[in-house]
Amino acid sequence: AALEGELLLPLRAQNEGVEDMYQTFNGYPVPPDLVKACVAEIHTHVLRGDFSEWRYSNPVGARQLEGLSPEQIKKWAEPTRTEHDGGVVVHEDAPGELGLFWATKIGGPSHGFDVEGQCL
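Just so it is clear, the structure is predicted and the values come from calculations on it, not from any experiment.

Caption draft 1: Spotlight on the nonpolar core. Core analysis: the largest hydrophobic core is formed by nine residues, namely Ala2, Leu7, Leu11, Ile42, Val46, Phe51, Trp54, Leu98 and Phe101. Mapped onto this core, the elements with two or more residues apiece are α2 (32-48) and α3 (51-57). Not counting residues within four places of it along the chain, the set of residues in contact with Phe51 comprises Ile42, His45, Val46, Gly96, Glu97, Leu98, Leu100 and Phe101.

Shown next as structure tokens:
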């Protein structure tokens, strides 16, 4: 799955740039050992081919979805696609969600590539 999603470069960037994750946007420290463990766990599930399932079932993901019914969780995890007039297509990836590694949100708190309100 990782090869089909062309993830060599994003996974390499995460490994080589892991030290850049040791602080928040506002400069607060994040424990390096926890960051390294998290990146390794993400990569493990990508390579196993169960990233999408793991994303919603690991303790942090499950906590974020707490309070939703199983039907609501299923809807939340469903990849959506919207086509706007003028040819703009907004999508939240495809089954497997490996496209998340190719996100184009670069820079500060602004999401310059977003065109829909939920991203503000």
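Having seen the structure, we can now continue with the description.
Caption draft 2: Up close: the side chain of His43. By secondary structure assignment, the location of His43 is in helix α2. Note on His43: relative accessible area 8%, which makes it buried. Filtering out sequence-adjacent residues up to four positions away, His43 remains in contact with Leu11, Gln14 and Asn15.

Caption draft 3: Structural context of the pattern of salt bridges. All told, the structure shown has three salt bridges when counted by the stated rule. As a salt-bridge pair, Arg63 and Glu66 come within 2.5 Å of each other at their nearest N and O atoms. Residue classification places Arg63 among the exposed residues on the basis of a relative accessible area of 56%. Among the residues examined, Glu66 registers a relative accessible area of 55% and is labelled exposed.

Caption draft 4: Geometry of the packing of aromatic side chains. For the coordinates displayed, the defined rule picks out one aromatic pair. A ring pair is formed by Phe51 and Trp54, whose centres lie 6.2 Å apart and whose planes are at 35°; its orientation type is tilted. Here the residue Phe51 and the residue Trp54 both occupy positions in helix α3, the gap between them amounting to three residues, near one helical turn. You can call Phe51 buried: its relative accessible area is 7%. Note on Trp54: relative accessible area 13%, which makes it buried.

How each quantity is defined
Residues numbered from 1 in each chain as written. Predicted model: local features only at pLDDT ≥ 70, side-chain atom pairs only at ≥ 80, totals over all residues. Heavy atoms only, no water. Core = buried A, V, L, I, M, F, W, Y, C linked by side-chain atoms within 4.5 Å. Buried < 20%, exposed > 50% of the residue type's maximum accessible area, 1.4 Å probe, protein only. Helix = DSSP H or I, 4+ residues; strand = E, 2+ residues; numbered from the N terminus. Contact = heavy atoms within 4.5 Å. Salt bridge = Lys/Arg side-chain N within 4 Å of Asp/Glu carboxyl O. Phe/Tyr/Trp six-rings, centres within 6.5 Å; stacked < 30°, edge-to-face > 60°.

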